[in-house]
Each structure stands twice: as C-alpha cells, then as structure tokens.
Amino acid sequence: PIVYGAALEKGLTPERSYRDAVLDIRAGDGTVWRPTDMDGTTGEMVPMRDGLVYSKNTVTAQVMQDVGLSGIVSLAQGLGIRESKLDRVPSLALGTSPVTLLEMVNVYASIAAQGQYRKPVFVRRITDRAGNVIAQFDSGAPEQVMSQQSAVTLIDMMRGVVNRGTGTAVRYRFGIYGDVAGKTGTTQRNADGWFILMHPELVGGAW
C-alpha cells in the first residue's frame, strides 16, 4: 500500500494500466531483479487498483519504477516506519526490508486517519483506585504526512482487497461484513504471513 500511496501522491490514478508480465529491473549496482507471482502472469494490461487488490508483484514493481524509491521511502517513514532501516533497492517495493508489526500497524493507522500520523502510545492514562487521573499521555499533535485525497483513494483501493481480492476470507470465513479495508502479505513459501485490517476507529495487524 505504501508504494501505491506514493503513486497517488505523485498524481497517478488507480485506473493507470500496467502489463502483467515478468520484467527485468536493473538496480543501481547493476544486478537484475525479476519479480514474479506465484500464480503466474497473464500478459494482460492490469489497472493499478487491481495490482494492489490481487497482490500482483509484477505490477507493483512497475509502479515502483514510475514513483521512484525516494518517494516510497519518504512516505513509509512519514506514515510510521521510523525505527527500522529501509534498504533503497528495487525489491523494497515488495517489502524486503524487515519492519516491526507495530510500525506496519502504525502505517495503516495513519492511512485510516486520512493521512495523519500519530505516535503510538501504549498507556493512555493512569488512575488511582478512586478513578482520579494521576498521569495522562498522548501522542502529540497529528502530522499530515499524506494528502487526505490520496489517503481516501488508497483506502478505497484497499476495500477491494477484502471485497474481491486476496483478503476475502475476512468476509466468508470470519463473517466481518462492515466497511473495512486491508492488505495481505506473504514472503516466499509463506515463511512470513501478514494481514492488517483497517476501520476508521480500529486497526489490527497479525504476523
């Protein structure tokens, strides 16, 4: 979603089309990266929206090329990846840099808040036995790190993930029928499996 969010910020539309095909992408050090998908490629033109909905690595890699790594890294850090190091290599577009679950949930929370970042707070307040507040903590003023328009469009794209894409199990297996959005994520041979679900009032992530 960060890659697609950066694309929206750059002015690309969800309907922009890319060919679903394996392409050679040359990194700055001369190495060649050939992103593929487990279910193969069709050779057809795919709208950017469906690249996200169906987790098409081939499409995401091309979107990354159009946006540029610096824009993706900048947005990722703005939205909430502020501790983990992001390697500026093409495969970053598919999530090859290790990040924490807290950071990723914070990213999605920033998107759900229409582009506003808030620092995570584990303890909101401390009260005594009578209910008097002894100490209170907040995350400070929110930072607008992504335009509201781009965030709203990205949320709508991510609705498609649970309505018709890789996250439909949320509907048919777990019976969640509210207005939610989300994204699945897997690494080779499913060594890592991620799912993060968004709602305006609640964001939950599982690794």
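Keep in mind the model is a prediction, meaning the values are calculated, not measured.

Student: Can you help me understand helix H1 (residues 2–9) in this one?
Tutor: An α-helical segment advances 3.6 residues per turn. Residues three or four places apart therefore align on the same side. Judged by how many residues are buried, H1 sits mostly within the fold: seven of eight residues are covered. Along H1, the positions that sit buried rather than exposed are Ile 2, Val 3, Tyr 4, Gly 5, Ala 6, Ala 7 and Leu 8. Against the buried residues of H1 lie helix H2 (48–53), helix H3 (57–67), helix H4 (69–79), helix H5 (101–112) and helix H6 (148–164). Once H1 ends, the next one or two residues include Gly 11, with phi positive near 105 degrees.

Student: I tried to follow the packing of H1 against H6 on my own but got confused; where do I start?
Tutor: What describes two packed helices is the angle between their axes and the distance between those same axes. Here H1 crosses H6 at 135 degrees, and the two axes come no closer than 9 Å. Accordingly, the angle class assigned to the pair H1 and H6 is oblique. Helix-helix and strand crossings are classified by hand; for H1 and H6 the assignment is right-handed. Facing Tyr 4, Gly 5, Leu 8 and Glu 9 of H1, the residues of H6 in contact are Ser 150, Thr 153, Leu 154 and Met 157.

Student: Help me out: how do you make sense of a nonpolar patch on the surface in this one?
Tutor: On the surface, Leu 102, Phe 122, Val 123, Ile 126, Ile 134 and Phe 137 cluster together to form a nonpolar patch covering roughly 620 Å² of accessible area. Checked against the element boundaries, Ile 134 lands in strand S7 (residues 133–136).

Student: Explain the nonpolar core to me, please; I cannot follow it from the model alone.
Tutor: A general trend in soluble globular proteins is that nonpolar side chains are found buried together. By size, the foremost hydrophobic cluster in this structure holds 44 residues, and its most contacted members are Ile 2, Tyr 4, Met 48, Val 63, Met 64, Ile 81 and Leu 154. Of all the secondary-structure elements, those providing two or more residues to this core are H1, H2, H3, H4, H5, H6 and strand S10 (193–199). Filtering out sequence-adjacent residues up to four positions away, Met 64 remains in contact with Val 3, Ile 25, Trp 33, Leu 69, Ile 72, Pro 90 and Ala 93.

The rules behind these values
Residues numbered from 1 in each chain as written. Predicted model: local features only at pLDDT ≥ 70, side-chain atom pairs only at ≥ 80, totals over all residues. Heavy atoms only, no water. Buried < 20%, exposed > 50% of the residue type's maximum accessible area, 1.4 Å probe, protein only. Helix = DSSP H or I, 4+ residues; strand = E, 2+ residues; numbered from the N terminus. Contact = heavy atoms within 4.5 Å. Axes fitted to C-alpha atoms, helices over the stretch in contact; angles between N-to-C directions. Parallel < 35°, antiparallel > 145°, perpendicular 65-115°, else oblique. Left-handed = near helix turned anticlockwise from the far one by under 90°. Patch = residues over 30% accessible without salt bridge, like charges linked within 9 Å, V, L, I, M, F, W, Y side chains within 5 Å. Areas by Shrake-Rupley, 256 points an atom, 1.4 Å probe, with all protein chains shown as cover. Salt bridge = Lys/Arg side-chain N within 4 Å of Asp/Glu carboxyl O. Core = buried A, V, L, I, M, F, W, Y, C linked by side-chain atoms within 4.5 Å.

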